[in-house]
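# Coordinates in review
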2 protein chains.
Amino acid sequence: MNGAESLIRALEAGGIETCFTNPGTSEMHIVAALDRAAKMRCVLALFEGVVSGAADGYARIAEKPACTLLHLGPGFANSMANLHNASRARVPIVNIAGQHPAEHLRYDTPLKSDVEAIARPYSQWLRTSSGAAATAADATQAIIAARTPPGQIATLIVPAEAAWSEAGQLHPATALPIPKPPMPGSDSVEQAAAMLRSNLRTALLLAGPALYGRGLAAAGRIADATGAKLFAPYPFARMERGLGLPRVDRIHYVLEDAIEQLKEFRQLILVGAAPPVAYFAYPDKSSVMTSPDCKIHVLTTPSEDGVGALESLSSDFPTRSPKKTSDEAQLPTPIHGDISPHGVAAAIASLLPENSIVVDESMTSGRGLMAGTARSAAHDWLANTGGSIGIALPMAVGAAVASPERRVLCLSADGSSMYTVQALWTMARYGLKVATVIFANRAYAVLKREFAGLGVGAPG
Amino acid sequence: MNGAESLIRALEAGGIETCFTNPGTSEMHIVAALDRAAKMRCVLALFEGVVSGAADGYARIAEKPACTLLHLGPGFANSMANLHNASRARVPIVNIAGQHPAEHLRYDTPLKSDVEAIARPYSQWLRTSSGAAATAADATQAIIAARTPPGQIATLIVPAEAAWSEAGQLHPATALPIPKPPMPGSDSVEQAAAMLRSNLRTALLLAGPALYGRGLAAAGRIADATGAKLFAPYPFARMERGLGLPRVDRIHYVLEDAIEQLKEFRQLILVGAAPPVAYFAYPDKSSVMTSPDCKIHVLTTPSEDGVGALESLSSDFPTRSPKKTSDEAQLPTPIHGDISPHGVAAAIASLLPENSIVVDESMTSGRGLMAGTARSAAHDWLANTGGSIGIALPMAVGAAVASPERRVLCLSADGSSMYTVQALWTMARYGLKVATVIFANRAYAVLKREFAGLGVGAPG
């Protein structure tokens, strides 16, 4: 078997079942191997920003990596903006990038590029395969690197001759040593417990797996037992929410609003989250959102076991039956009239099917959406984590591929949608269960708002 | 005045009149300064791949740089695929990229990125401005770097505090020391003259400014006097052609066709061009297109004065009045019937207005177009130089902005057009005189062809 087949078999043996790709000529042997692959599903895209955004959305829902297949330096470059978002979401992704064979790189050819230099800024693990005999082991190492907590971007560059040359026999698959996140020290949990037992107003800021499943359940028990408030950063990767689930408030995007929201808290416990700061800097303003006298404690770093730490912490407190409020018993009702932000939120809140996935990049048009949909049927909400716009449509593709039985509602600002509008083709081609809503305000609204905020005059 | 105003004034003083941009929040002070700029024209795009492709097209026609304004690392990343093409076209471009202020970079914020690392692979000159007092001098250096022959990509990163802080008074503009390309040594011209006087079948391979204007005219005189054949590489930046102009044949894309096309030549003189090689490598095939016994002489490297060298060389030969053939007297006539590649070429050949600009990324659908349009009214033809598809629509934007009085015909394959389809918005917004034709074969035709060429089985 050749290096390309060896590569794909190793990816399959390592549990990779999905390949998002927009391949080119230099990857044709890998494409041929994918064609013959027993388990790998290939999903085509017309632009690499769709590929990387889909791999991010897939990983957020599947909780394991997909692979991508990208065409040389320019193909990788096109994927980078959404890899920026994926790196901030801390999801696992395995990128396979083509490269010319060494013999061809001697010449001054049009597509010659330094793929390693292009890939490095957004690859926590990076390797160029030394030849066909190495591709399988390289792929295995890439998967282990990608699955190293909390999740990393691993890029394997496969020169064409490594793909087309004879690789020998593949060794039988053995279980990969997937690294587990370590628990924080017991003193960290004890300190958090002491903070929660104090009379000071305390909040938990949750990120990563602390925002869904067992992590969220444990956080909810802690909140019920102690009165602590649960927050998520504005840029979170995935939050489970809706009827029957603990309420987590998102920290506001606008700096002044966030300062107002957080000013009452004297203690903040970070669970895989960074201290909350503004997206952007402004002249003569601090970027910090918390009150100056707020004590911040890191319960877990992003690489540590936030779910385990929350479960350990929750066992320090007596379980109470969760508060039931009357509005939890029934869904909101839709309202009628002209289209308005409030009306859109009410429509979503009342009609969203249970177990849906909402992908949200509604930007300025949608800043009230989360508050208005907190009492919908239970669902997952995925947000832009890195501030590079153009992820909503690709992420909806990835979420739908990861979980074909669930409905995906994709909410995108018009400007954001234009970055990666090619994703609509992939949705149509594969019949994905995605409903896409574009908030068409026909304006650079975020820039107008920020321009005004800087006090630099009237925009032209 | 602040650093942003100082920056824009220095760009204007250095002859930069056009800024293609898709700015973000961190560049708002630069946007405000652009708003107040006296001479600079801003052209907005909805995606940064349009920005960089437009700057390339602008430079090919205007023969001087435009600037771009890009939003942090992800904005730069989105521009990179078309910067790859621009770097292969060897055009001048000045990129201005935003960056968070140092105070804000201390925090773990969503849009934090290593802008220098992202920009480095496609920036021949790269600098982060040290502060407001330095932005004007930095801009001047960037322009000089960009205009260093044959043309380079210069990237200046401007942290937000360098834009918003006080810069002091700008010094009066002085003429920039724009570097001129050096002539090659006289032995190089003498050797080319000796080759042209031999009885061996000889060709000139022209690139850069040798393909239009004075360079092309001198090459035409040499061809007329000596019988040498004129070629352009398949990936050329700009060619002047049509009725009354010297005939230059493009080297074929397909390796076997190019080998057949070049096999009769025993001598090849390179004028700013690299030796012709295949785009891609294939197992057990050489990438070289010329005959093994073809002697290759470098008359000029891309950084040397190819136009001057051709003029010097042409003066070694007696001037003959150019051959007139009967078909030069009149334009081709259109043909009727179903749409076909031949019919499209005939339509363009007969109807193309004089002095138009044709932007060609028609890929597999258009491989006969240049042959079929050689006898059109005189025009410029711009091609994809780096093999990263998705440049046609942006390049048409840039060409139309550079030369508003000329008509632009943009020919794009459907797959290519999907990469940067956002360019249609810019064409509409500014009423650019661009007619865009999409060759919709609704297939990954180039991949099917290459897949078949590799003998790796039937595609799935």
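Okay, so let's go over this structure. (Residues numbered from 1 in each chain as written. Chains lettered and ligands numbered in written order. Predicted model: local features only at pLDDT ≥ 70, side-chain atom pairs only at ≥ 80, totals over all residues. Heavy atoms only, no water.)

## Re helix 3 (residues 48-62) of chain B
Residues and elements named next belong to chain B. Stated precisely, the cut-off is as follows: The helix count covers DSSP runs of H or I at least four residues long, the strand count covers runs of E at least two residues long, and both are numbered beginning at the N terminus. Multiplying 1.5 Å by the residue count of a helix minus one yields the expected span of that helix. Exposure classes here rest on a 1.4 Å probe applied to the protein chains alone. A residue is buried below 20% of its type maximum, exposed above 50%, and partly exposed in between.
In this model, helix 3 (15 residues) spans 21 Å end to end at C-alpha, consistent with the 21 Å of a helix rising 1.5 Å per residue. Among the 15 residues in helix 3, 14 count as buried, and that is most of the element. Just beyond helix 3, the residue with positive phi is glutamate 63, at close to 55°.

## Overview of the pairing of strand 8 (residues 229-232) of chain B
Remember that side chains alternate between the two faces of the sheet whenever the strand is regular. Residue and element names in this part refer to chain B. This is how it is decided: In this description, strands pair whenever DSSP reports at least two bridges between them. Assignment of crossover handedness uses the view with strands pointing away from the viewer, where a clockwise path from the first strand over the helix to the second indicates a right-handed crossover.
With three bridges connecting them, strand 7 (residues 202-206) and strand 8 associate as parallel partners. Note that in strand 8 the partner of leucine 204 across the bridge is leucine 230. In this fold, strand 7 hands off to helix 10 (residues 213-226), which returns the chain to strand 8; that crossover is right-handed. Pairing analysis gives two bridges linking strand 8 to strand 10 (residues 249-250), with the strands arranged parallel. If you follow phenylalanine 231 over to strand 10, its bridge partner there is aspartate 249.

## Overview of the nonpolar core
In a soluble, globular protein the nonpolar side chains are often hidden away together inside. Definition in use: What makes a nonpolar core is a set of buried Ala, Val, Leu, Ile, Met, Phe, Trp, Tyr and Cys residues whose side-chain atoms join them at distances within 4.5 Å. Any two residues whose heavy atoms approach within 4.5 Å at even a single point are treated as in contact.
Judged by nonpolar contacts, the single largest core of 96 residues is most densely connected at Phe20 and Met80 of chain A together with Phe20 and Met80 of chain B. Those residues within four positions of methionine 80 of chain B in sequence are excluded, and the remaining contacts are Ala77, Met80 and Ile118 of chain A together with Ile118 and Tyr122 of chain B.

## Thoughts on the sheet that holds strand 5 (residues 125-128) of chain A
All names here are of chain A. Our working rule: Axis lines are fitted to C-alpha atoms, over the contacting stretch for helices. Their N-to-C directions set the angle, which ranges from 0 to 180 degrees.
In space, the six strands of this open sheet follow the order 2-1-3-4-6-5, with parallel pairing throughout. Edge strands, defined here as strands with exactly one partner in the open sheet, are strand 2 (41-44) and strand 5. Across the sheet, the axes of successive neighbouring strands diverge by a mean angle of 20°, strand direction being ignored. Where strand 1 (residues 18-21) meets strand 3 (residues 67-70), three bridges bridge the pair, whose relative direction is parallel. Bridged to phenylalanine 20 within strand 3 is threonine 68. Helix 3 (residues 48-62) contacts strand 1, strand 3 and strand 4 (93-99) of the sheet and is inclined by roughly 155° relative to strand 1.

## Remarks on the packing of helix 10 of chain B against helix 12 (residues 306-314) of chain B
Residues and elements named next belong to chain B. To keep it simple, the criterion reads: Any angle that falls under 35 degrees is termed roughly parallel, while one over 145 is termed roughly antiparallel, one within 65 to 115 roughly perpendicular, and all others oblique. Less than a right angle of anticlockwise turn of the near helix away from the far helix marks a crossing as left-handed, whereas a clockwise turn marks it as right-handed.
Two numbers describe how helix 10 lies on helix 12: the axes approach to 8 Å, and their chain directions differ by 30°. Taken together, the axis directions place helix 10 and helix 12 in an arrangement best described as roughly parallel. Crossing handedness for the pair helix 10 and helix 12: left-handed. Between helix 10 and helix 12, the residues in contact are Arg214, Gly215, Ala218, Ala219, Arg221 and Ile222 and Val307, Leu310, Glu311, Leu313 and Ser314, respectively.

## A closer look at the side chain of serine 6 of chain A
Residues and elements named next belong to chain A. With respect to the element layout, serine 6 can be found in helix 1 (residues 3-13). Residue serine 6 is classed as buried on the basis of its relative accessible area of 4%. When neighbours within four sequence positions are excluded, serine 6 is seen to be in contact with Met1, Thr135, Ala136, Ala167 and Leu170.

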